[in-house]
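Coordinates in review
So the chains spell out like this:
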Amino acid sequence: MADVPRLVEVRVSHYEREAQPYQQHPLKIVHVNPHSIVRLCRLHLETRESHGSKYHDLGKIYDGDWDLPENNPLLQESSTDRAVRQRYIEGVSWNQTPAFRVKLRRIKEGKRIDGCSSRRELERRYERLDRVAESMALEGFRLIRKTDGSLDFNQLLSVSFSRHGEPLLGTGGKHRLAIAKLLDLPSIPVLVFVRHEAWQQVLDSFFKGVHPNAKLLAAHPDLKENCGKRSSSVS
């Protein structure tokens, strides 16, 4: 199992040594409208499979076609989104949803899924998810912190920004994102993993004050605060 706090420490240390001006801090939190996240970022699935954790991507800038729609599936077509709608709109039990049955089949094949290695563990996970949904309905989407006040990285939702500034969901958090959409929450806090090089160029010119469409871009969540190296504050 990947040592996430250690990976975060490594990525932050690399940023402090190597980051260019206006490259944003790896722990910058932005608040996005959940409805704006419509696709899953396949890049992080590949990183997790090859390196053991998506956190190897934290704070990086990548060029290439990883952000294009044809490379990233629509969330609304996933079994997770369908299961959340079945549960909270139709009142179907979790264990009657296709998503539950798929996970249970993988567990029976000897795989560990979402931290679960038995049917009972999987049932308990979904019981916790019901409590999370109830909490979100009452209090909105909150950042989860450990007893020492530090962020619980295992509970954070993450996104990466495409060349056009569109947020793509990182691995993990699909259920909570789908619930946030059902609740029509105005915004949710997310950690930004990767920015496309073209989007980073937009950030550069915007924060320098030379972007020709600065007024139109000002509402974008990634442009509300400069947490780059020339900034002394980090969200």
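In this text, all values refer to a predicted model and were calculated from it rather than measured experimentally.

Quick look at the pattern of salt bridges now. Within this structure, the stated rule accounts for 13 salt bridges. Residues aspartate 222 and lysine 28 are paired through a salt bridge, measuring 3.2 Å at the closest nitrogen-oxygen approach. Within this pair, whereas aspartate 222 is found in the segment after helix H8 (214-217), its partner lysine 28 is found in the loop between helix H1 (4-18) and strand S1 (29-32), the two being separated by 194 residues in sequence. For aspartate 222, a relative accessible area of 0% puts it in the buried group. What makes lysine 28 buried here is its relative accessible area of 1%. Linking aspartate 222 and arginine 195 is a salt bridge whose minimum nitrogen-to-oxygen distance equals 2.8 Å. Residue aspartate 222 is located in the segment after H8, and its partner arginine 195 is located in strand S6 (residues 188-196); the two are separated by 27 residues in the primary sequence. One salt-bridge network, held together by shared partners, links Arg119, Arg120, Glu123 and Glu127.

Turning to the side chain of histidine 196, a few remarks are in order. Among the secondary structure elements, histidine 196 is positioned in strand S6. Assessed through its relative accessible area of 2%, histidine 196 is described here as buried. Among the polar contacts listed, one links the side chain of histidine 196 to the backbone nitrogen of alanine 198, at a separation of 3.0 Å. The residues touching histidine 196, leaving out its near neighbours within four places in the chain, are Ile61, Tyr62, Asp63, Gly64, Trp66, Asp67, Phe161, Ser162 and Arg163.

Attention now moves to helix H5 (residues 119-139). Helix length check: H5, at 21 residues, gives a terminal C-alpha distance of 30 Å against a target of 30 Å (1.5 Å per residue), a fit within 8%. All buried positions along H5 are accounted for by Leu122, Tyr126, Leu129, Ala133 and Met136. The buried residues of H5 occupy an angular sector of 70° when the element is viewed end-on, so they sit on one face. Every exposed residue of H5 that faces more than 90 degrees away from the buried side is listed here: Arg131, Glu134 and Leu138. In this structure, the buried side of H5 is in contact with helix H3 (79-88), helix H4 (98-108) and helix H6 (174-182). Note on H5: the residue one or two positions beyond its end, glycine 140, has a positive phi of about 80°.

Glancing now at the nonpolar core. In terms of nonpolar packing, the biggest core is built from 40 residues, with Ile37 and Ile188 touching the most fellow members. Put simply, the parts of the chain that give this core at least two residues each are S1, H3, H4, H5, strand S4 (158-161), H6, S6 and helix H7 (197-208). In this structure, isoleucine 188 is in contact with Val30, His31, Val32, Pro34, Ile37, Phe141, Leu157, Leu177 and Ala180, ignoring residues within four places of it in sequence. Of all hydrophobic cores here, the second largest spans 17 residues; its members include Val4, Val8, Leu191 and Val194.

Taking 1.5 Å per residue as the helical rise, H7 with its twelve residues ought to reach 16 Å, and the 17 Å between its terminal C-alpha atoms agrees with that figure. The complete set of buried residues in H7 reads Trp199, Gln200, Val202, Leu203, Asp204, Ser205, Phe206 and Phe207. Tucked into the core, H7 has its buried residues touching strand S3 (60-62), S4, S6 and H8. Of the residues trailing H7, glycine 209 is marked for its positive phi of about 85°.

Close contact between H3 and H6 brings their axes to 9 Å; oriented N to C, the two are set at 50°. Accordingly, the angle class assigned to the pair H3 and H6 is oblique. The crossing of H3 and H6 is right-handed. Across from Thr80, Asp81, Val84, Arg85 and Tyr88 in H3, the residues of H6 making contact are Lys174, His175, Ala178, Ile179 and Leu182. Of the residues contributing to the contact of H3 with H6, the split by class is five nonpolar, two polar and three charged.

For the rest of this paragraph, the subject is the environment of isoleucine 188. Summarising the element assignment, isoleucine 188 is placed in strand S6. For the pair formed by isoleucine 188 and arginine 112, sequence separation is 76 residues and the distance between their alpha carbons is 28 Å.

Analysis parameters
Residues numbered from 1 in each chain as written. Predicted model: local features only at pLDDT ≥ 70, side-chain atom pairs only at ≥ 80, totals over all residues. Heavy atoms only, no water. Salt bridge = Lys/Arg side-chain N within 4 Å of Asp/Glu carboxyl O. Helix = DSSP H or I, 4+ residues; strand = E, 2+ residues; numbered from the N terminus. Buried < 20%, exposed > 50% of the residue type's maximum accessible area, 1.4 Å probe, protein only. Polar contact = N/O pair within 3.5 Å; in protein donor to acceptor, adjacent residues only side chain to side chain. Contact = heavy atoms within 4.5 Å. Expected span 1.5 Å × (residues − 1). Arc of directions from axis to C-beta. Core = buried A, V, L, I, M, F, W, Y, C linked by side-chain atoms within 4.5 Å. Axes fitted to C-alpha atoms, helices over the stretch in contact; angles between N-to-C directions. Parallel < 35°, antiparallel > 145°, perpendicular 65-115°, else oblique. Left-handed = near helix turned anticlockwise from the far one by under 90°. Nonpolar A, V, L, I, M, F, W, Y, C, P; charged D, E, K, R; others polar.

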